[in-house]
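# Survey of secondary and tertiary structure
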Amino acid sequence: MKKSKPYQASEAKRGVKPKATTLRVIGGDMRGRKVRYNGDRSTRPMRDSVRESLFNLIGQRIKGSIVFDPFGGTGVLAIESISRGASRAVTMEQNRRTLEQIRQNVADLDLTDRISLTAGDAFRGLGALMHQAHAEEPDTPWVFLMCPPYEMFQSRIKDLNRMICFAAEAHPHGVLVAECDNFFDTAELTAAEWDVRKYGITQLALTELSSVQLP
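Sequence positions are assigned chain by chain, starting from 1 and proceeding in written order. Under the rules for a predicted model, residues below a pLDDT of 70 receive no local features and side-chain atom pairs below 80 are neither given nor counted, while totals for whole chains, interfaces and linings still include all residues. Values shown for side chains rest on all heavy atoms present in the structure; no hydrogens or waters enter the calculation.

### Here's the deal with empty space enclosed by the protein
Using protein atoms alone on a 1 Å grid, points that fit a 1.4 Å probe yet trap it form a cavity, whereas open point sets bounded by protein on both sides within 12 Å along at least five of seven lines form a pocket; residues with an atom within 4 Å of a point count as lining. Grid points are joined across faces, edges and corners, and a volume is the space filled by probe spheres set on the points. This structure, assessed with the given rule, holds two cavities of 30 Å³ or more. Here the second largest cavity defines a volume of roughly 40 Å³. Residue lining of the second largest cavity: Arg36, Tyr37, Asn38, Thr43, Gly73, Thr74, Thr98 and Gln101, and that is the complete set. Tallied by class, the residues present in the lining of the second largest cavity amount to one nonpolar, six polar and one charged. Residue polarity is assigned by list, with Asp, Glu, Lys and Arg as charged and Ala, Val, Leu, Ile, Met, Phe, Trp, Tyr, Cys and Pro as nonpolar; anything else, Gly included, falls into the polar class.

### Quick word on the pairing of strand β2 (residues 34-37)
Three labels apply to residues, based on accessible area from a 1.4 Å probe with only protein chains included: buried if under 20% of the type maximum, exposed if over 50%, partly exposed otherwise in between. Secondary structure elements are defined from DSSP: runs of H or I of at least 4 residues count as helices, runs of E of at least 2 residues count as strands, and each element is numbered from the N terminus. A one-sided burial pattern is seen for β2, the buried positions being Val35 and Tyr37 and the unburied ones Lys34 and Arg36. At least two DSSP bridges between two strands are needed for those strands to be called paired. Where strand β1 (residues 21-24) and β2 come together, four bridges link them in antiparallel fashion. Within the sheet, the bridge partner assigned to leucine 23 lies in β2 and is valine 35.

### A closer look at the sheet that holds strand β7 (residues 174-181)
Pairing is mixed across the open sheet formed by seven strands, whose spatial order is β5-β4-β3-β6-β7-β9-β8. The strands lining the two open edges of the sheet, one partner per strand, are β5 (115-119) and β8 (195-199). Pairwise comparison of adjacent strand axes, ignoring direction, gives a mean angle of 15° for this sheet. Where β7 and strand β9 (residues 202-208) come together, seven bridges link them in antiparallel fashion. Bridge pairing links valine 175 to glutamate 208 in β9. A contact between two residues is defined here by any heavy atoms of the two lying within 4.5 Å. Axis definition: a line fitted to C-alpha atoms, over the contacting stretch in the case of helices. Angles run 0 to 180 degrees between N-to-C directions. Strand contacts of helix α6 (residues 157-170): β6 (142-146) and β7, with the helix running at about 175° to β6, the strand carrying the most contacts.

These results come straight from atomic positions and should not be treated as a statement about function.
The following block contains the structure:
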């Protein structure tokens, strides 16, 4: 089994003031629209090329689905999902300042009725949101985007695997994609039929929720 390299947040340069910038929606109805990013280095925006690969992997599955993005970050994954045809997105973010930036982007793009934002710890609060979504729309398929800070695949791997199992148990009709760095051994993910793709330093691991082996 490949051992994970100790995580080092090289992008978190202490003492350097974060520089605000913009990201862009790269596909769908809102292609080219701007998403503001406050530059906080604790938030790691997915590279455009990887984001494009992610949505290519999902393909038409995104259309009409409910998208869960429990580690909201910049919010661009939820926004991109709506642009590409998702019926709605549910996202969480623990950092209040980051959440307010997502909220502003959602408002600027007139998506407040399509993207649900919740402040809080995804490991504690996501379950209730998933149960509510399943109760309201039991037949709508899910797309679950699990893109936490890379270091969580070391420090919180048990919790991440519980999240995968909980999603599969709540609603088995859908697809889950986990984004991790290239040092993480994807064999540590909960047992499922994983399709792992590598893009430079990034890995995307995709599985059907129905293939997840529940404990």
